Amino acid sequence: MASDIALPKISNDMQKLAKEATSNARIKALNVQKVAPKPSKNLIDQVEKLANQAKKQAETQKNTVNILLNKTVRNAKWKAKQTQLIQSLNKTLDVEDEAKQSETVSGHRLYLFVSSSMPKNKMRQYARQLTKYPNAQMIMRGFIGGGKKMQPTMAYIKSIITKDAHCNRGVACKTYKTKFNIDPVLFQRYQITQVPTLVYVDDISGGGYCSEGNTKIVNTKGVHKFIGLAPIKYMVSELADKTKLSKLQLLKTK
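Attention in this report is confined to the structure presented alongside it. (Residues numbered from 1 in each chain as written. Predicted model: local features only at pLDDT ≥ 70, side-chain atom pairs only at ≥ 80, totals over all residues. Heavy atoms only, no water.)

### Some details on the nonpolar core
Note the cut-off: To form a nonpolar core, buried Ala, Val, Leu, Ile, Met, Phe, Trp, Tyr and Cys residues must be joined to one another through side-chain atoms within 4.5 Å. Only protein chains enter the calculation, and the probe is 1.4 Å; a residue is then buried if its accessible area is under 20% of its type maximum, exposed if over 50%, and partly exposed in between. Residues count as neighbours in contact if any of their non-hydrogen atoms are within 4.5 Å of one another.
In terms of nonpolar packing, the biggest core is built from 32 residues, with L112 and M138 touching the most fellow members. In this structure M138 touches L112, V114, M123, Y126, A127, L130, T178, K179, F180 and N181, once residues within four positions along its chain are discounted. Of all hydrophobic cores here, the second largest spans 12 residues; its members include Y111, F187, V201 and I204.

Written as structure tokens, this is what we have:
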């Protein structure tokens, strides 16, 4: 049986007092507005100084992004190495080469930003948990050892996605079909300063085989973060409850 909630009735005397109080408050407010002093020159100077600082910080951030783009997605050597790494991993995982897939990207994304400094057992748990979610991938900022050699990075990623941690190297070990990527531009785009961080993007669209962190080519809508060490299911559930997004509600049931 439904219950109705009704506000208590206010007596005539209480209504009269409320009107008087409201009237007095309006008079005081008007008086304050009339005598309110103009901002001092010192205050104006401080505001202008803060505005200039904010402008300089924005320019610095823009320059930092451009430097990063020049070192990565605009750099032929970096793109060649990135492509080589992905092709090697795809060959190991026996999946289709990304360069042969669609030239456009679309849909939602689940990015789990990680680092090789994280405990390996946690990394392996994440690799297993992410297999349940579509359009999900683990993202590292860069190559292990600075990118001079790809082998250490490939060996590390293989150790994370191999289902049996004790699998003999001479045997064809089964692996989790979790997508792994090396992408400092994504770290920059979503301002990742702590790992692990789960980023859910409600909609992503763009063209070309490039970093999805490239803001000039790839567009995003609805970006939400969960920062901290927790199971993927818990992260997704918390984001779903906070945002009420329909796609996240579906992912929550995975």
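### Looking at the state of the cysteines
Going by this rule: Counting rule for disulfides: a pair of cysteine sulfur atoms within 2.5 Å.
Under the counting rule described, the total for this entry stands at 1 disulfide. Shown here is the disulfide that connects C167 with C173, its sulfur atoms set 2.0 Å apart. Here the S-S torsion is close to -95°, and the disulfide linking C167 with C173 is therefore left-handed. C173 sits in the partly exposed class, given a relative accessible area of 26%.

### With respect to the sheet that holds strand β3 (residues 179–182)
As a reminder of what qualifies: Two strands qualify as a pair provided that DSSP identifies no fewer than 2 bridges between them. Secondary structure elements follow DSSP: runs of H or I no shorter than four residues count as helices, runs of E no shorter than two count as strands, and numbering proceeds from the N terminus. Axes here mean lines fitted to C-alpha atoms, for a helix over just the part in contact, with angles spanning 0 to 180 degrees between N-to-C directions.
Strand order in the open sheet formed by 5 strands is β3-β2-β1-β4-β5, and the pairing between neighbours is mixed. The sheet terminates laterally at β3 and β5 (218–227), the two strands that pair on one side only. With strand direction ignored, the average angle separating the axes of adjacent strands in the sheet is 30°. For strand β1 (residues 104–114) and strand β4 (residues 197–207), the ladder comprises 9 bridges, and the chain directions are antiparallel. Within β4, the position partnered with F113 by the bridge is T197.

### Some words on the pairing of β1
When you tally the buried positions in β1, you get 8 out of 11 residues, the bulk of the element. Strand direction decides the pairing type here: β1 and strand β2 (residues 136–140), joined by 5 bridges, are parallel. In the sheet register, V114 faces β2, and the bridge partner there is M140.

### Examining the side chain of R109
For R109, the position within the fold is in strand β1. With sequence-adjacent residues up to four places away left out, R109 is seen in contact with N135, Q137, V199, Y200, V201, I204 and E212.

### Remarks on the packing of helix α4 (residues 120–129) against helix α5 (residues 151–161)
Quick note on the threshold: Throughout, the term roughly parallel applies to angles under 35 degrees, roughly antiparallel to angles over 145, roughly perpendicular to angles from 65 to 115, and oblique to all others. Side-chain classes are defined by residue name, with Ala, Val, Leu, Ile, Met, Phe, Trp, Tyr, Cys and Pro counting as nonpolar, Asp, Glu, Lys and Arg as charged, and the others, Gly among them, as polar.
The N-to-C vectors of α4 and α5 enclose an angle of 65°; their axes lie 8 Å apart at closest approach. When the interaxial angle is binned, α4 and α5 end up roughly perpendicular. Residues K120, M123, R124 and A127 of α4 touch α5, and the partners they reach there are Y156, S159 and I160. For the contact of α4 with α5, the residue count by class is 4 nonpolar, 1 polar and 2 charged.

### Some details on the environment of V105
Within the secondary structure layout, V105 lies in strand β1. Once the C-alpha coordinates of V105 and D203 are considered, the two residues, 98 residues apart in sequence, prove to be 9.9 Å apart. Excluding its chain neighbours within four sequence positions, the residues that come into contact with V105 are I204, S205, G206, E212 and V218.

### Overview of the pattern of salt bridges
Close approach of charged atoms allows side chains of opposite charge to pair. To keep things clear, this is the line we draw: Basic side-chain nitrogens of Lys or Arg form a salt bridge, by our definition, when they fall within 4 Å of a carboxyl oxygen of Asp or Glu.
By the definition in use, this model includes 2 salt bridges. Where D241 meets K252, a salt bridge forms, and the shortest distance between an N and an O atom there is 2.6 Å. On the criterion of sequence distance, the pair formed by D241 in helix α7 (residues 232–243) and K252 in helix α8 (residues 246–252) is long-range, its members being 11 residues apart. Assessed through its relative accessible area of 35%, D241 is described here as partly exposed.

### Points about the pairing of β4
Consecutive residues of a regular strand have side chains that alternate between opposite faces of the sheet. For β4, a buried count of 8 out of 11 residues is recorded, marking the element as mostly surrounded by other parts of the structure. Bridge count between β4 and β5: 9 bridges; the pairing is antiparallel. The residue bridging G206 from the neighbouring strand is V218, located in β5.

### Let's talk about α5
What counts here: The arc in question is formed by the directions pointing from the helix axis toward the C-beta atoms.
The complete set of buried residues in α5 reads T153, M154, Y156, I157, I160 and I161. One face of α5 carries all of its buried residues, which in axial projection span an arc of 165°.

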